[in-house]
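Below are the chains, spelled out letter by letter.
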Amino acid sequence: PIVSEAFVFLVNKDNPVDNLTLDQVRKIYTGEITNWKEVGGSDVAIRAMQRPVNSGSQTGFLDLVMNGLTVMEPPVEWVSGDMGGLIDMVAHYDNQPDAIGYSYYYYVTDMVANPNVKLLKINGIAPTSATISDSTYPIHTNYFAVFNSKEAVDSDVRKIVAYLLTDEGQDLVEAAGYVRLK
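A brief structural summary. Remember, it's a predicted structure, so these values are computed and weren't measured experimentally.

Here's the deal with the nonpolar core
And step 1. The biggest cluster of nonpolar side chains holds 42 residues, and the ones touching the most others in it are Phe9, Tyr29, Phe61, Val65 and Ile100.
And step 2. Listing elements by their share of this core, those giving two or more residues are β1 (3–12), α1 (22–30), α2 (56–66), α3 (83–92), β4 (99–104) and α4 (105–112).
And step 3. With sequence-adjacent residues up to four places away left out, Val65 is seen in contact with Phe7, Phe9, Leu22, Val25, Arg26, Gly60 and Ile139.

Shown next as structure tokens:
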């Protein structure tokens, strides 16, 4: 591992819900919870946006969140071919604050940074650099540097990875918008 990462859930900034439990997220995406009032929000149907099967974020969602549960089949208009599109759909779908979606923390906060969405707390813990780095945010993972084990001990690849794991390297990672390892 060279950086920490988290899988996050986002809603329109005007959605009154700020926190969901991991169990509630799973129930939303299996179709058991269908209305925001069931989780402390307005009496309005939940539009649970998804990514296509085999996309990186859909795979992460299934692996990190769903734990083998069967995800409901969404209407085709609730599936976005790209992450930016999903974030835009959550921000503006029919100009209503009823959609929920997901992504990786870095993508939402650094690459897209849409001011019309907010990240939800999960189990009462907000996804922040600190809670992701110390693994208190419950849906965390890492990005890895992968190289051939036969690389020479003094190869450039090993030197780069070793540098990224130093304090200076982690400062660089953080300056680039990623979350440092603890």
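Back to the text.
Concerning the packing of aromatic side chains
And step 1. Tallying each qualifying case throughout the model produces twelve aromatic pairs.
And step 2. Ring plane angle 25° and centroid distance 6.3 Å describe the contact between Phe7 and Phe61, whose orientation is recorded as stacked. Taken together, the residues span a long stretch of sequence, with Phe7 in strand β1 and Phe61 in helix α2 at a distance of 54 residues.
And step 3. Judged by its relative accessible area of 0%, Phe7 is buried.

Details of the pairing of β1
And step 1. Burial runs high along β1: ten of the ten residues are buried.
And step 2. Direction of pairing for β1 relative to strand β7 (residues 140–143): antiparallel, over a ladder of four bridges. In the strand pairing of β7, Val3 is matched with Tyr143.
And step 3. Here β1 pairs with β4 via five bridges, running antiparallel. Note on β4: the bridge partner recorded for Phe9 is Tyr102.
And step 4. Bridge count for β1 against strand β5 (residues 117–119) is three bridges, and the pairing is antiparallel. Bridge pairing in β5 links Val11 to Lys118.

A look at the side chain of Gln50
And step 1. With respect to the element layout, Gln50 can be found in the loop between β3 (47–48) and α2.
And step 2. At 3.1 Å, the side chain of Gln50 forms a polar contact with the side chain of Gln58.
And step 3. Reaching out from Gln50, the side chain makes a polar contact with the backbone oxygen of Met72 at a distance of 3.1 Å.
And step 4. In contact with Gln50, other than residues within four places in its own chain, are Tyr29, Gln58, Val71, Met72, Pro74, Trp78, Val79, Ser80, Leu86 and Tyr102.

Quick word on unusual backbone geometry
And step 1. Phi at Asn67 takes a positive value of approximately 50°, unusual for a residue other than glycine.
And step 2. Residue placement: Asn67 occurs in the loop between α2 and α3.

Comments concerning the packing of α3 against α4
When two helices pack together, their arrangement is given by the angle between the helix axes and the distance between those axes.
And step 1. At a minimum axis distance of 11 Å, the contact between α3 and α4 shows a crossing angle of 85°. In terms of their interaxial angle, α3 and α4 are classed as roughly perpendicular. In this structure, α3 contributes Met83, Gly84 and Ile87 to the contact, and α4 contributes Tyr107, Val108 and Val112.
And step 2. Considered class by class, the residues forming the contact of α3 with α4 number five nonpolar, one polar and no charged.

Thoughts on the pattern of salt bridges
And step 1. All chains considered together, the criterion is met by eight salt bridges.
And step 2. We note a salt bridge from Lys27 to Glu32, for which the minimum N-O separation is 3.8 Å.
And step 3. Relative accessible area serves as the criterion here: at 51%, Glu32 is assigned to the exposed category.
And step 4. With its nearest N and O atoms 2.9 Å apart, the salt bridge here joins Arg180 to Asp171.
And step 5. Of the residues examined, Asp171 reaches a relative accessible area of 43% and is grouped as partly exposed.
And step 6. Salt bridges linked by common partners bring Asp23, Lys27 and Glu32 together as one network.

The rules behind the values
- Residues numbered from 1 in each chain as written.
- Predicted model: local features only at pLDDT ≥ 70, side-chain atom pairs only at ≥ 80, totals over all residues.
- Heavy atoms only, no water.
- Core = buried A, V, L, I, M, F, W, Y, C linked by side-chain atoms within 4.5 Å.
- Buried < 20%, exposed > 50% of the residue type's maximum accessible area, 1.4 Å probe, protein only.
- Helix = DSSP H or I, 4+ residues; strand = E, 2+ residues; numbered from the N terminus.
- Contact = heavy atoms within 4.5 Å.
- Phe/Tyr/Trp six-rings, centres within 6.5 Å; stacked < 30°, edge-to-face > 60°.
- Pairing = 2+ DSSP bridges.
- Polar contact = N/O pair within 3.5 Å; in protein donor to acceptor, adjacent residues only side chain to side chain.
- Axes fitted to C-alpha atoms, helices over the stretch in contact; angles between N-to-C directions.
- Parallel < 35°, antiparallel > 145°, perpendicular 65-115°, else oblique.
- Nonpolar A, V, L, I, M, F, W, Y, C, P; charged D, E, K, R; others polar.
- Salt bridge = Lys/Arg side-chain N within 4 Å of Asp/Glu carboxyl O.

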